[in-house]
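# Understanding the architecture of this molecule
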Amino acid sequence: MRRNAAAILAVGAGMFVGAAFFRRRAVNTERADLYFEDGSMLSLSNGSPGAERLLPLARQIIGQART
């Protein structure tokens, strides 16, 4: 009985730590997803060569759309 409770507690703690890790990692990540007609997608994250030019334009467009 104690082993089951310990296992359940360990699984719950692992899920909590994993969720906190992924949330922290995703909060500071900017990316631009480019969708093409053939159904393919390219994701450019902050720091990649293509994102250096595209992300400032995306920020400007989003800023104008919010006002």
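### As for the overall build of the protein chain
Along the backbone of the protein chain there are two helices and two strands. Ordered by position from N to C terminus, the α and β elements of the protein chain give α-β-β-α. Its C-alpha atoms give the protein chain a radius of gyration of 20 Å, clearly above 11 Å, the size a compact globule of 67 residues would have. Judged by the C-alpha coordinates and their principal axes, the protein chain covers about 60 × 35 × 25 Å. Total accessible area computed for the protein chain in this model is approximately 6300 Å², and 61% of it derives from carbon and sulfur atoms. Counting 9 positive and 5 negative side-chain charges, the protein chain places the centres of these two groups 21 Å from one another.

### Describing the pairing of strand β1 (residues 31-35)
Across five bridges, the pairing between β1 and strand β2 (residues 41-45) is antiparallel. Paired with A32 across the strands is L44, a residue of β2. Here β1 hands over to β2 after five residues, with G39 in that stretch at a positive phi of 95°.

### Looking at the side chain of S48
Inspection of the secondary structure assignment puts S48 in the loop between β2 and α2 (51-66). A polar contact of 2.8 Å, which involves the side chain of S48, links it to the backbone oxygen of S45.

Rules behind the numbers
- Residues numbered from 1 in each chain as written.
- Predicted model: local features only at pLDDT ≥ 70, side-chain atom pairs only at ≥ 80, totals over all residues.
- Heavy atoms only, no water.
- Helix = DSSP H or I, 4+ residues; strand = E, 2+ residues; numbered from the N terminus.
- Rg over C-alpha atoms; globule rule 2.2 N^0.38 Å.
- Areas by Shrake-Rupley, 256 points an atom, 1.4 Å probe, with all protein chains shown as cover.
- Lys, Arg positive; Asp, Glu negative; His and termini not counted.
- Charge placed at Lys NZ, Arg CZ, Asp CG, Glu CD.
- Pairing = 2+ DSSP bridges.
- Polar contact = N/O pair within 3.5 Å; in protein donor to acceptor, adjacent residues only side chain to side chain.

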